[in-house]
Amino acid sequence: QVHWGMITTVRDSNGAEQLRNLGNSAPLWKIGWSHNLQFKRINVYALIDKTFGNHVYNEDRQWSFGDFMTSDAQQNGKSVEEAKPIGYYWRAAAPESGAGVGGTYSVLGANTISFEDASFVKIRELSVSYNIGAVKHVAGDWSITAVGRNLRTWSGYTGWDPDTGGASTTNVGAAGGQIGSGALYSTQSSTYPQMRNFTLTLSSKF
C-alpha cells in the first residue's frame, strides 16, 4: 500500500478533491468579564476575554512543514504506530499531488492540521491604581496607575497568538478573496502577534 500512513485527501466518486468546511473564523460565542475592586486608596481593574469555536489558519506552521522546521516532524521516541513517514509532511505521490508535492504542506492549501481550533482565554487588561491625594504644596488629587495589556493567553493553538484577524500575505484566494478579510478567514501569516505592553501613568483632578 503506497499511501499507508499518509495524510489522505477526501475525494468524490470521480476522484476529484472535495472542498470541505474546516471551521469558522468567527467564534461560536464570545464573552468578556470585567471587575473593578477598590480598597481605600487602591483600585484594581481586570478584563478577561473568552472565545470558543473559532479557527485560525496557521500558515506559518504549514509553511514550515515544507522545510521540516517544526517539532511535528521530529520522530525520535515515537513508536511504530505513532511515527510518520517523511512524505506525511512534505512530498506525496499521485494522486495526492500530481506535482509530487503534498503531505501536510500541500502547497499551503489549508487542511485539518493547519486550520486550528483557536479558542482561548486571555487577560486582556489588568491595572492597579493608587490614589496619592493632594501632594504637599501642589494642588490637585493625584493618582498613579500601572496598566498591563495582553498579559496571558491560555489556548491549545500552536501558533503565536490565537487572537488574530490577519489575512494571508501569500495565499490570496484563501484569505477571504481580494478584500483580504480577516473576519472571513483569520490567518497567522508572517506577522507579529499582539504585543504584551505595560504603561505607567500619573494623573490628577483639579
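Up top is the structure these notes are about.
Before going into details, it helps to say that this report is about the structure given with it. (Residues numbered from 1 in each chain as written. Predicted model: local features only at pLDDT ≥ 70, side-chain atom pairs only at ≥ 80, totals over all residues. Heavy atoms only, no water.)

### Regarding the packing of aromatic side chains
- Summed over all chains, the structure comprises three aromatic pairs.
- Aromatic side chains Trp29 and Phe52 sit 5.7 Å apart centroid to centroid with 25° between the ring planes, which places their arrangement in the stacked category. In this pair, Trp29 is assigned in strand S1 (residues 29–39) and Phe52 in strand S2 (residues 42–52), connecting sequence segments 23 residues apart.
- Under the relative-accessibility criterion, Trp29 is labelled partly exposed at 42%. (Phe/Tyr/Trp six-rings, centres within 6.5 Å; stacked < 30°, edge-to-face > 60°. Helix = DSSP H or I, 4+ residues; strand = E, 2+ residues; numbered from the N terminus. Buried < 20%, exposed > 50% of the residue type's maximum accessible area, 1.4 Å probe, protein only.)

### Quick look at a nonpolar patch on the surface
- A surface patch of nonpolar side chains, amounting to about 760 Å² of accessible area, comprises Ile42, Val128, Tyr130, Ile132, Val135, Val138, Ile144, Leu200 and Leu202.
- Secondary structure elements with two or more residues in the nonpolar patch: strand S5 (120–133) and strand S8 (197–205).
- Element by element, the count of residues in the nonpolar patch is highest for S5, at three residues.
- For Tyr130, the position within the fold is in strand S5. (Patch = residues over 30% accessible without salt bridge, like charges linked within 9 Å, V, L, I, M, F, W, Y side chains within 5 Å. Areas by Shrake-Rupley, 256 points an atom, 1.4 Å probe, with all protein chains shown as cover. Salt bridge = Lys/Arg side-chain N within 4 Å of Asp/Glu carboxyl O.)

### Considerations on the sheet that holds strand S7 (residues 187–188)
- Taken together, the three strands give an open sheet; going across it, the order is S4-S3-S7, and neighbouring strands pair in mixed fashion. On the outer flanks of this sheet lie strand S4 (115–117) and S7, each paired with one strand and no other.
- Summarising the sheet, strand S3 (residues 55–58) and S4 pair through three bridges and their orientation is antiparallel. Bridge pairing in S4 places His55 opposite Asp117. (Pairing = 2+ DSSP bridges.)

### With respect to the pattern of salt bridges
- The full count for this structure, using the stated rule, is seven salt bridges.
- The shortest N-O distance in the salt bridge between Glu125 and Arg149 comes to 3.6 Å. In this pair, Glu125 sits in strand S5 while Arg149 sits in strand S6 (residues 141–155), placing the two residues 24 residues apart along the sequence.
- Assessed through its relative accessible area of 31%, Arg149 is described here as partly exposed.
- A single salt-bridge network, built from bridges that share partners, covers Asp49, Lys122, Arg124, Asp161 and Asp163.

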